[in-house]
2 protein chains.
Amino acid sequence: MINKLVSKIQKTGAPIVVGLDPMLSYIPEHIVKKAYAEKGANLEGVAAAIVEYNKGIVDAVCDLVPAVKPQIAMYEQFGIPGLIAFKETVDYCKSKDLVVIGDIKRGDIGSTSAAYATGHLGKVEIEGKTFRGFEEDFVTVNPYLGTDGVKPFVDVCKEEKKGIFVLVKTSNPSSGEFQDQKVDGKPLYEMVGAMVDKWGADCMGDSYSYVGAVVGATYPEMGKILRDIMPKSYILVPGYGAQGGKGKDLVHFFNKDGLGAIVNSSRGIIAAYKQEKYASYGESGYADAARAAVLDMKEDIESALA
Amino acid sequence: MINKLVSKIQKTGAPIVVGLDPMLSYIPEHIVKKAYAEKGANLEGVAAAIVEYNKGIVDAVCDLVPAVKPQIAMYEQFGIPGLIAFKETVDYCKSKDLVVIGDIKRGDIGSTSAAYATGHLGKVEIEGKTFRGFEEDFVTVNPYLGTDGVKPFVDVCKEEKKGIFVLVKTSNPSSGEFQDQKVDGKPLYEMVGAMVDKWGADCMGDSYSYVGAVVGATYPEMGKILRDIMPKSYILVPGYGAQGGKGKDLVHFFNKDGLGAIVNSSRGIIAAYKQEKYASYGESGYADAARAAVLDMKEDIESALA
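Every residue gets a number counted from 1 within its own chain, in the order that chain's sequence is written. The naming scheme follows written order: chains are lettered A onward, ligands numbered 1 onward. Per-residue local features are limited, in this predicted model, to residues with pLDDT of at least 70; the limit for side-chain atom pairs, both in listing and counting, is 80 or more; totals at the level of whole chains, interfaces and linings are taken over all residues. Computation of side-chain values: all heavy atoms of the structure, hydrogens and water removed.

### Details of the pattern of salt bridges
- For this analysis, a salt bridge means a side-chain nitrogen from Lys or Arg found within 4 Å of a carboxyl oxygen belonging to Asp or Glu. A complete count under the given rule lists 40 salt bridges over all chains for this structure.
- Note that Asp249(A) and Lys248(A) form a salt bridge whose closest N and O atoms lie 3.5 Å from each other.
- The cut-offs for exposure are 20% and 50% of the maximum accessible area for each residue type, with area from a 1.4 Å probe on protein chains only; residues under the lower value are buried, those over the upper are exposed, and the others partly exposed. What makes Asp249(A) buried here is its relative accessible area of 14%.
- Here Glu160(B) and Lys123(B) are joined by a salt bridge, their closest N and O atoms 2.8 Å apart. With Glu160(B) in helix H7 (residues 147–160) and Lys123(B) in the loop between helix H6 (110–120) and strand E4 (124–126), this pair connects stretches of sequence that are 37 residues apart.
- Take Glu160(B): its relative accessible area is 16%, and that puts it in the buried class.
- Take Lys123(B): its relative accessible area is 33%, and that puts it in the partly exposed class.
- Residues joined by salt bridges that share partners form a network here, namely Lys69(A), Asp103(A), Lys105(A) and Asp108(B). The secondary structure listing takes helices from DSSP runs of H or I that are at least 4 residues long and strands from runs of E that are at least 2 residues long, numbered from the N terminus.

### What about the interface of chain A and chain B?
- Throughout, a residue-residue contact means that at least one pair of heavy atoms, one from each residue, lies within 4.5 Å. Taken together, the contacts link 66 residues of chain A with 66 residues of chain B.
- What counts as buried area is the accessible surface, traced by a 1.4 Å probe, that two parts surrender upon association, with contributions from both included. Of the roughly 5,500 Å² buried at the junction of chain A and chain B (both faces included), carbon and sulfur atoms supply 66%.
- Ranking the residues of chain A by area buried against chain B places Ile80(A), Tyr144(A) and Phe178(A) at the top, with a combined share of 16%.
- Applying the counting criterion to the chain A and chain B interface returns four salt bridges.
- Notably, a salt bridge pairs Glu76(B) with Arg106(A), separated by 3.0 Å at the nearest N-O pair.
- What qualifies as a polar contact is a pair of N or O atoms within 3.5 Å, subject to a donor-acceptor requirement within protein and to the restriction that residues adjacent in sequence count only when both atoms come from side chains. Counting every contact that joins chain A to chain B gives 27 residue pairs in polar contact (both at pLDDT 80 or more).
- The class makeup of the residues in the side of chain A that touches chain B is 32 nonpolar, 23 polar and eleven charged. Charged means Asp, Glu, Lys or Arg here, nonpolar means Ala, Val, Leu, Ile, Met, Phe, Trp, Tyr, Cys or Pro, and polar covers whatever is left, Gly included.

### Considering the relation of the copies chain A and chain B
- To line up the copies, we fit them by least squares on C-alpha atoms, keeping just the residues with pLDDT of at least 70 in both. For these two chains of identical sequence, chain A goes onto chain B by a turn of 180° and a shift of 0.0 Å along the axis, with RMSD 0.0 Å. The relationship between the two copies is best expressed as a two-fold rotation axis. In terms of C-alpha distance to the rotation axis, chain A has Val183(A) as its closest residue, with the C-alpha 2.8 Å off the axis.
- When the interface residues of chain A are mapped onto chain B, 100% of them are again interface residues, pointing to one common binding face.

### So, the packing of aromatic side chains
All names here are of chain A.
- In summary, the pairing rule links any two rings of Phe, Tyr or Trp, Trp by its six-membered ring, whose centres are within 6.5 Å, and it sorts them by plane angle into stacked for under 30 degrees, edge-to-face for over 60 and tilted for everything else. The tally for this structure, following the rule as stated, stands at ten aromatic pairs over all chains.
- Aromatic side chains phenylalanine 86 and phenylalanine 134 sit 5.8 Å apart centroid to centroid with 65° between the ring planes, which places their arrangement in the edge-to-face category. Here phenylalanine 86 is found in helix H5 (residues 79–95), whereas its partner phenylalanine 134 is found in the loop between strand E5 (129–131) and strand E6 (138–141), with 48 residues between them in sequence.
- Judged by relative accessible area, which is 0%, phenylalanine 86 ranks as buried.
- Three or more aromatic residues joined by ring pairs form one cluster here, namely Tyr75, Phe86 and Phe134.

Take it as geometry only, folks, not as evidence of what the structure does.
Pasting the structure below:
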């Protein structure tokens with residue numbers, strides 16, 4: 001799957017992942033009204049609105065980008081109907097041949113991480129038949145529990161040729177509270193980065209490993225150091241756009257081959273129509289606004305890397 | 001909810017939480033067969049078997065213990081049907097007046113943590129009506145993203161009078177890889193523990209705060225230090241039994257008032273019938289075996305604390 005991701009990035013020329021993190025307030029009124037009329041003004045109605053909204057965006061951008069990243073929390077907040085919408089979104093994106101990164105940030109002790117890995121990347125056997133719970137291509141993983149919390153994901157990745165992105169240095173303001181603490185004179189995130197490099201060493205695709213890392217666009221100097229520590233790991237870079245990261249901040253996250261990083265934007269794309277810049281598209285043109293925002297982001301990254 | 005937890009611990013005399021972490025291999029054949037006959041040998045069939053199995057255990061132990069802790073990964077591995085079984089388990093336990101600790105180990109950047117907190121502890125408003133996704137009383141939270149990843153959970157706890165347990169020192173063998181790293185001469189988990197104390201300071205119940213901590217029974221010496229660092233936090237102690245923690249290891253996790261800790265056992269209780277000690281109950285007596293294991297665990301803790 002890392003080979004597919006790299007090849008799709010090369011084909012589209014866009015190291016961009018669209019974060020499908022729907023908030024109810026982003027969804028145009030006509031979609032919400034239709035969904036409530038069909039399913040009721042309840043969790044099922046919200047879930048139907050989310051799926052409809054996502055499909056519009058996916059249809060509008062699927063030829064431009066290699067991947068999408070649905071944030072499961074935005075679905076989980078609406079309980080079971082929301083999680084059904086998550087699954088429908090994953091399945092729809094896969095039907096469009098997009099690489100799907102499930103932003104689930106799971107991580108637990110060994111046997112429990114194995115269950116998460118099974119549910120999101122793997123399969124279960126029941127009476128000789130195979131079933132899959134969710135079917136993402138990649139998921140994000142929290143490293144706080146150490147190797148035996150991450151290893152079960154790596155094992156399933158090897159079996160399924162899928163991948164993970166391990167949280168190394170997150171994009172949020174307080175990420176430094178623990179991640180930046182100095183251990184033997186070096187910040188903890190460097191130590192986690194070195195482990196990512198190690199975990200990925202024996203599960204390599206053609207040029208990059210199945211084990212990537214999450215490093216926030218909001219910390220470009222740290223990105224530079226982490227790029228060197230994990231040369232074979234793809235870096236998933238959140239924090240571009242709405243969180244404050246800019247194109248010029250991104251250059252250090254890439255390798256000299258022009259590869260090695262994929263930049264996420266969520267709000268900045270999926271709710272682009274709410275920005276002054278794209279306001280002329282209107283609510284009804286939310287999907288076209290998203291497409292325009294992707295094209296602008298592509299140009300911003302291209303000019304930064306040039 | 002922390003007051004309810006404390007009062008139920010006092011009433012039952014059992015600082016014990018039963019981990020409802022079903023593995024398919026634990027579930028007696030007669031339950032599995034019945035479920036497959038009704039729902040098919042598929043994810044729905046497994047989910048039905050899990051709920052039936054859980055209900056048997058809950059019915060057998062609900063008068064003995066204050067709380068249960070379903071581990072969501074064990075349900076999530078079976079996709080949507082599994083998550084429906086998780087919800088049904090939570091709801092059934094609440095109908096029995098048990099305190100429900102959702103072992104979800106979520107944690108993300110601010111807006112995303114807020115969505116998780118809403119989904120598991122809070123509510124959403126849709127056209128003026130209130131809906132709840134899942135309805136646990138407590139959840140476990142991963143601290144790697146720092147204060148702005150934890151704060152949204154605390155905010156919802158204040159509003160809903162619910163609680164969280166933050167991962168401080170986990171029970172697994174490799175937990176030390178990052179958690180034990182020395183920061184200014186002290187291990188990282190002590191720093192996280194100090195933050196737990198701080199996060200809980202302004203959301204106090206009668207004697208304990210809404211913000212508890214997870215500290216593994218497998219690290220009793222660290223438990224002793226953390227007990228002092230977080231005097232007002234309840235400690236959720238996993239790792240007893242199957243993972244190797246013993247009654248005598250638990251004494252340091254408690255305060256002098258005999259309170260302050262609640263010890264989890266999962267496999268050791270729910271699959272007790274598979275142990276030689278309880279083999280005479282047989283598969284069909286799995287629930288009675290669970291009850292016997294709870295009584296033995298209660299005695300083990302009592303004698304350790306005496």
